[in-house]
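If you want the building blocks of each chain, they are given just below.
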Amino acid sequence: DAGVIQSPRHEVTEMGQEVTLRCKPISGHDYLFWYRQTMMRGLELLIYFNNNVPIDDSGMPEDRFSAKMPNASFSTLKIQPSEPRDSAVYFCASRDRDSYNSPLHFGNGTRLTVT
Amino acid sequence: AQSVTQLDSQVPVFEEAPVELRCNYSSSVSVYLFWYVQYPNQGLQLLLKYLSGSTLVKGINGFEAEFNKSQTSFHLRKPSVHISDTAEYFCAVSPYGQNFVFGPGTRLSVLP
């Protein structure tokens with residue numbers, strides 16, 4: 001089991017550019033979550049999917065943010081255009097389908113810096 | 001809606017001393033409770049979880065937590081900490097296994 005895989009690990013971009021973060025969940029997990037972590041706000045849930053369908057996107061900060069899950073093994077989080085205040089660590093996590101009380105498994109995160 | 005409070009943002013403790021990290025939660029429905037640990041530049045890892053049954057749960061690395069329904073608390077304890085326990089610890093609740101709501105975290109610093 002390779003765990004949840006996120007890419008890239010680090011991303012530095014200029015304000016106004018498009019940023020795409022990628023996530024591969026653990027095989028067989030059908031819940032996928034995107035979190036953002038900052039010093040000021042801690043861990044914030046952005047959006048989560050069940051069976052590739054977005055269930056709750058109320059945490060997505062603005063229309064500049066969008067997330068997709070085209071299949072069970074891949075998800076993207078896109079920011080367009082990016083702004084300095086988007087600088088944070090973005091985590092992807094997945095959860096087992098068969099156990100409603102199973103824990104989240106996190107990736108190592110993508111550290112985004114927008115200058 | 002659910003919320004999680006971790007009153008201590010930072011806890012310094014000497015090596016081999018006991019430690020308790022506090023967690024209180026608020027929820028109008030039943031929840032499952034979790035503690036996660038985050039080491040520098042890594043994602044969160046599960047320490048332990050409470051689903052039902054015995055209110056004292058044991059996790060990895062010698063940690064344990066006690067669920068207190070009347071006080072809506074789920075405090076994390078370790079009788080003797082090591083330098084390697086230095087990390088950030090997050091308490092989380094999950095209503096019916098759906099979403100997870102995390103607390104703000106407690107940074108544990110173990111001093112030699």
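Below is a summary of the structure that appears in this document. Nothing here was measured: the structure is a model prediction, and the numbers come from that model. (Residues numbered from 1 in each chain as written. Chains lettered and ligands numbered in written order. Predicted model: local features only at pLDDT ≥ 70, side-chain atom pairs only at ≥ 80, totals over all residues. Heavy atoms only, no water.)

**Section: the sheet that holds strand β1 (residues 5-7) of chain A**
All names here are of chain A. Spatially, four strands are ordered β1-β3-β8-β7 in an open sheet, and the strand pairing comes out antiparallel. In this open sheet, the two strands that pair with only one neighbour each are β1 and β7 (65-71). Mean inter-strand twist for the sheet, computed between neighbouring axes without regard to direction, equals 15 degrees. Here β7 runs beside strand β8 (residues 74-79); their pairing, made up of five bridges, is antiparallel. Following the sheet pairing, N71 is matched in β8 by F74. (Pairing = 2+ DSSP bridges. Helix = DSSP H or I, 4+ residues; strand = E, 2+ residues; numbered from the N terminus. Axes fitted to C-alpha atoms, helices over the stretch in contact; angles between N-to-C directions.)

**Considerations on the interface of chain B and chain A**
At the interface, 18 residues of chain B touch 19 residues of chain A. In this assembly, chain B packs against chain A so that about 1,600 Å² is buried in total across both faces, 53% of it on carbon and sulfur atoms. One can count five residue pairs in polar contact (both at pLDDT 80 or more) joining chain B with chain A. At the level of elements, β5 (31-38) and β6 (44-50) of chain B are the ones that each hand at least two residues to the side of chain B that touches chain A. (Contact = heavy atoms within 4.5 Å. Buried area = accessible area lost by both parts, 1.4 Å probe. Polar contact = N/O pair within 3.5 Å; in protein donor to acceptor, adjacent residues only side chain to side chain.)

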